[in-house]
Amino acid sequence: MKKNISIIGVPMDLGQMRRGVDMGPSAIRYAGVTERLEQLNYKIDDLGDIEIARAQKITDNQEGNLRNLKGVSDASEKLAAKVDEVITKGEFPLVLGGDHSIAIGTLAGVAKHYKNLGVIWYDAHGDLNTAETSPTGNIHGMPLAASLGIGHPALTNIAGYSPKIKPENIVIIGARSLDEGEKKLIKEIGIKVYTMHEIDQLGMATVMAEAIDYLKERTDGVHLSLDLDGLDPHDAPGVGTPVLGGISYRESHLAMEMLEDAKIITSAEFVEVNPILDDKNKTATVAVALMGSLFGEKLL
């Protein structure tokens, strides 16, 4: 990984309906992300937060089962431009959310720098819905589909190109809550998925070793998109859509440690930290601890 890390906060809550996730970047900073990474000898440049149009929530409610479409689209364009700028400077973009709709902008900014960008989607959900399949209209359940070029043009064409990624370059890890439309799409286009069944059966070490080998063969960079609801709610309670039976805290550290050892991660985002739903900032603290492992922190 590059030794210069640029932190970008995205205080986005337009992709879903529960307030508080817009305070996620502040909670992660308060949990000491800069200090943690500086101790690992990284040079940290905190670029502050992308501006999110707050009035958008009043004027732009729902369009064709896409809640806050314009607000999410506008924020995604801003984020894509900022991520593009960071990578162009030769620095590592570390994006702090905010709800998972921010991945639309992150991937739009990252993917233009790679011919075959790989993605590890560490999440309880597939985030592969569209307006037609979504039971809620919440865009935080659609970013992976949008990045594949599937969905509304206002989401798929961020930064002026589509698609950003290919289905064969994606690995979903930790899935345990998939909508019917998502299951159908996964089978149709061939996305590699490790559900909690596979993690329980094979163990996290085997799952990560297989995922790393799979992506190393076919990609020239790998983006990590880590939703804190991928972890079990016992370890990460401060998320908007918790699902019981998730990945443990220690399994998650092992996953991050293995990614660091493999040296394949070229960009990352940590999303869905909601301090309003949290217990003494526990989830943000977990996020920072996992970043420590991802960036080379060792027990000995």
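Residues numbered from 1 in each chain as written. Predicted model: local features only at pLDDT ≥ 70, side-chain atom pairs only at ≥ 80, totals over all residues. Heavy atoms only, no water.

Think of a pair of aromatic rings as described by two things: how far the centres are apart, and how the planes are tilted against each other in angle. According to the stated counting rule, one finds two aromatic pairs in the structure shown. Taking the centre distance of 5.1 Å and the plane angle of 75° together, the rings of Phe 92 and Phe 295 count as edge-to-face. Taken together, the residues span a long stretch of sequence, with Phe 92 in strand 3 (residues 92-97) and Phe 295 in the segment after helix 12 (282-294) at a distance of 203 residues. Per residue, the accessibility class of Phe 92 equals that of Phe 295, and both read buried. One aromatic cluster in this structure is built from Tyr 42, Phe 92 and Phe 295. Just above the ring of Tyr 42 sits the side chain of Lys 3; from NZ or CZ to the centre is 4.2 Å. Between the NZ or CZ atom of Arg 218 and the centre of the ring of Tyr 214, over which it lies, the distance is 3.8 Å. (Phe/Tyr/Trp six-rings, centres within 6.5 Å; stacked < 30°, edge-to-face > 60°. Helix = DSSP H or I, 4+ residues; strand = E, 2+ residues; numbered from the N terminus. Buried < 20%, exposed > 50% of the residue type's maximum accessible area, 1.4 Å probe, protein only. Lys NZ or Arg CZ within 6 Å of the ring centre and 35° of its normal.)

What follows is about the pattern of salt bridges. With the rule as written, the count across this model stands at 13 salt bridges. Across the pair Lys 112 and Asp 84 runs a salt bridge whose closest N-O atoms are separated by 3.2 Å. Linking Lys 112 in the loop between helix 5 (103-111) and strand 4 (117-122) with Asp 84 in helix 4 (residues 69-88), this pair joins segments that are 28 residues apart in sequence. Take Asp 84: its relative accessible area is 18%, and that puts it in the buried class. (Salt bridge = Lys/Arg side-chain N within 4 Å of Asp/Glu carboxyl O.)

What follows covers the UniProt feature "binding site: Mn(2+)" (unreviewed entry) in the protein chain. As annotated by UniProt and renumbered to match this structure, "binding site: Mn(2+)" (unreviewed entry) occupies His 100, Asp 123, His 125, Asp 127, Asp 227 and Asp 229. Sequence-wise these annotated residues cover 130 residues; spatially they are packed, their C-alpha atoms never more than 12.2 Å apart. In this structure, Asp 127 sits in the loop between strand 4 and helix 6 (143-147). Since its relative accessible area comes to 5%, Asp 127 is described here as buried. Not counting the four nearest positions on each side in its chain, Asp 127 is found in contact with His 100, Trp 121, His 140, Gly 141, Met 142, Pro 143, Leu 144, Ala 145 and Glu 182. Assignment of secondary structure puts Asp 227 in strand 7 (residues 221-227). Of the residues examined, Asp 227 reaches a relative accessible area of 2% and is grouped as buried. (UniProt positions renumbered as here; feature names shortened; annotations may be inferred. Contact = heavy atoms within 4.5 Å.)

Attention shifts here to the nonpolar core. Core analysis: the largest hydrophobic core is formed by 52 residues, its most contacted members being Leu 94, Ile 173, Leu 224 and Phe 270. Those residues in contact with Ile 173, other than ones at most four positions away along the chain, are Ile 120, Trp 121, Tyr 122, Asp 123, Tyr 194, Ile 199, Met 204, Val 207, Met 208, Ala 211 and Ile 247. Core analysis: the second largest hydrophobic core is formed by 45 residues, Val 95, Tyr 114, Leu 155 and Ile 165 among them. (Core = buried A, V, L, I, M, F, W, Y, C linked by side-chain atoms within 4.5 Å.)

Further remarks concern the sheet that holds strand 6 (residues 192-195). Strand order in the open sheet made by the eight strands is 2-1-3-8-7-4-5-6, with parallel pairing throughout. Pairing within the sheet leaves two strands with one partner each, and these edge strands are strand 2 (43-49) and strand 6. Put simply, the sheet's adjacent strands are angled 15° from each other on average, direction ignored. Sheet topology places strand 1 (residues 4-10) next to strand 2; five bridges connect them, and they run parallel. Note on strand 2: the bridge partner recorded for Ile 7 is Asp 46. Sheet contacts for helix 11 (residues 249-262): strand 4, strand 7 and strand 8 (265-271); angle to strand 4, the most-contacted strand, approximately 165°. (Pairing = 2+ DSSP bridges. Axes fitted to C-alpha atoms, helices over the stretch in contact; angles between N-to-C directions.)

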